[in-house]
Amino acid sequence: MTSDIDKTAGPKDTPPAGPQAIKAIPVRHYGRYVSAVIAIGILVAIVYAFGQGKINWHAVPDYFFDHRILTGVYKTLLLTVLSMLIGIAGGIGLAVMRLSKNPVTSSIAWFYIWFFRGTPVLVQLFLWFNLGLVFEYINLGPIYKNYWSDFMTPLLTALLGLGLNEAAYMAEICRAGLLAVDEGQTEASHALGMSHAKTLRRIVIPQAMRVIVPPTGNEVINMLKTTSLVAAVQYPELFRYAQDIGQNSGAPVEMYFLAAAWYLIMTSVLSVGQYYVERYYARGSSRALPPTPLQKIRANLLSIGRPKGAAA
């Protein structure tokens, strides 16, 4: 005989079922596949067209490491460095003059920037090269005296044309960087007894570098390419040497492709350097710096073969 408790007892309570796994269905991006197929098709068509063109591609590797081309690469890099040094030094000075409360110095800086930014670099190069029509000779007293045509060499013309033009652009870049620093920093420095020059050197400029460095890197890369214009004033650099070799070898177009390849190599190296310089000056603006390309590649290689969900 069963008890009343046994008769009224219902089925045993079962534990609730656990949450079921969500079956995620990835979104299909058909537009990506279509655009990728179109891009690959265009690339194949361009490569095929260049392959079928009347271009002697064997001439490119034959002259790629020619001593004249390497000399041109060296002179191009040297001209880039020297012109940028002139441009940066002049740009800093012009930016300080532009921000000065003295109306004379501010007006001089404004006029300089207005003139050099408003005229093409090639025109400025020809003006420097032909100023002998205005100044027959240059006379610095007992220090130096010579005819302008002998004084204004192709190298000096290139440095003045490129460097002074770059100073106008660097002045605006430096001015933007200085204005990006809060005025309270300057006021606090003056309250501590710092001079204006020391405040710029120790407080303002280090903080402004975060704003100045990225566009300056772009200016360096642009300057390297702009050096090809000095071939017009008879300065032998990469483009001028490539032109001479092309005329003598009967392969002028091929030498243009060779020069373009060298410019791509040099600008790529400068772009990598610019990335790490920007990363260095970005340390104080973010909590954690993003991984570098090499760190990303190493992380991807280490993750190959690792069990899913395993600790890194």
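Position numbers for residues count from 1 along each chain, tracking the sequence in the order it is written. Whole-chain, interface and lining totals are the exception, using all residues; otherwise, since this is a predicted model, local features are given only for residues with pLDDT of at least 70 and side-chain atom pairs are given and counted only at 80 or more. Working from all heavy atoms in the structure, the side-chain values ignore hydrogens and water.

**A closer look at the pattern of salt bridges**
Inclusion rule: Take a side-chain nitrogen of Lys or Arg and a carboxyl oxygen of Asp or Glu: if they are within 4 Å of each other, that pair is a salt bridge. Three labels apply to residues, based on accessible area from a 1.4 Å probe with only protein chains included: buried if under 20% of the type maximum, exposed if over 50%, partly exposed otherwise in between. Elements are defined by DSSP. Helices are runs of H or I of four residues or more, strands are runs of E of two residues or more, and each kind is numbered from the N terminus.
One pass over the structure, following the stated rule, counts four salt bridges. Note that Asp66 is salt-bridged to Arg68, the shortest N-O span being 3.0 Å. The buried category is assigned to Asp66, whose relative accessible area is 15%. For Arg68, a relative accessible area of 28% puts it in the partly exposed group. For Glu172, the salt bridge identified is with Arg117, shortest N-O distance 3.8 Å. Here Arg117 lies in helix 5 (residues 103-118) and Glu172 lies in helix 8 (residues 154-180), a separation of 55 residues in the sequence. On the basis of relative accessibility, which here comes to 43%, the residue Arg117 falls in the partly exposed class. When salt bridges that share partners are traced, they join Arg117, Glu172 and Arg175 into one network.

**Comments concerning the confidence of the model for the protein chain**
Close inspection of predicted coordinates is inappropriate for parts of the model with low pLDDT. So the rule is basically this: Confidence of the predictor at the level of single residues is captured by pLDDT, which takes values from 0 to 100. The contact definition used throughout considers only heavy atoms, calling two residues in contact when any of these lie within 4.5 Å.
Looking at the protein chain, pLDDT values average 83 and 86% of them are 70 or higher. Confidence drops under a pLDDT of 50 for residues 308-312, and excluding neighbours within four residues, the segment shows two contacts in the predicted structure.

**Some remarks on the packing of aromatic side chains**
What characterises a pair of aromatic rings is the spacing of the ring centres plus the angle enclosed by the ring planes. The criterion, for reference: When the centres of two rings from Phe, Tyr and Trp lie within 6.5 Å, Trp using its six-membered ring, the rings pair. Their planes under 30 degrees apart give stacked, over 60 give edge-to-face, and anything left gives tilted. Working rule: Lys NZ or Arg CZ, within 6 Å of ring centre, within 35 degrees of ring normal, means a charge sits over the ring.
Per the stated rule, a full pass over the model turns up 12 aromatic pairs. Geometrically, the ring pair formed by Trp57 and Phe257 is tilted, given 5.1 Å between the ring centres and 50° between the ring planes. Here Trp57 is found in the loop between helix 2 (30-52) and helix 3 (59-63), whereas its partner Phe257 is found in helix 12 (residues 252-281), with 200 residues between them in sequence. Relative to Trp114, the ring of Phe111 lies with its centre 5.5 Å away and its plane at 40°, an arrangement referred to as tilted. A residue pair is termed a helical-turn pair when its members lie 3 or 4 positions apart in one helix, as Phe111 and Trp114 do in helix 5 at three residues. Among the aromatic side chains, those forming a connected cluster through ring pairs are Phe50, Trp57 and Phe257. In this arrangement the basic side chain of Lys75 is found over the ring face of Tyr235, its NZ or CZ atom lying 6.0 Å from the centre.

**Considerations on the environment of Thr71**
Here Thr71 shows up in helix 4 (residues 67-98). By relative accessible area, Thr71 is classed as partly exposed at 31%. Sequence separation between Thr71 and Pro236 is 165 residues; the distance between their C-alpha atoms is 9.0 Å.

**Considering the side chain of Arg240**
Rules: In the analysis that follows, any N or O atom pair within 3.5 Å is treated as a polar contact, provided that within protein one partner can donate a hydrogen and the other can accept it, and provided that, for residues neighboring in sequence, both atoms belong to side chains.
When you line up the elements, Arg240 lands in helix 11 (residues 238-249). Among the polar contacts listed, one links the side chain of Arg240 to the side chain of Gln234, at a separation of 3.1 Å.

**A look at a nonpolar patch on the surface**
To keep things clear, this is the line we draw: The patches reported here contain residues having more than 30% relative accessible area and no salt bridge. Joining distances are 9 Å for like charges and 5 Å for nonpolar side chains (Val, Leu, Ile, Met, Phe, Trp, Tyr). Per-residue and other accessible areas follow the Shrake-Rupley method at a 1.4 Å probe size, with only the shown protein chains counted as cover for residues.
Taken together, the side chains of Val34, Ile38, Ile42, Ile46, Phe50 and Trp57 present a nonpolar region at the surface, about 550 Å² in accessible area. Structurally, Val34 is set in helix 2.

**A few points about unusual backbone geometry**
The residue Gln234 is not glycine, and still its phi comes out positive at about 70°. Here Gln234 is to be found in the loop between helix 10 (196-226) and helix 11. By relative accessible area, Gln234 is classed as partly exposed at 44%.

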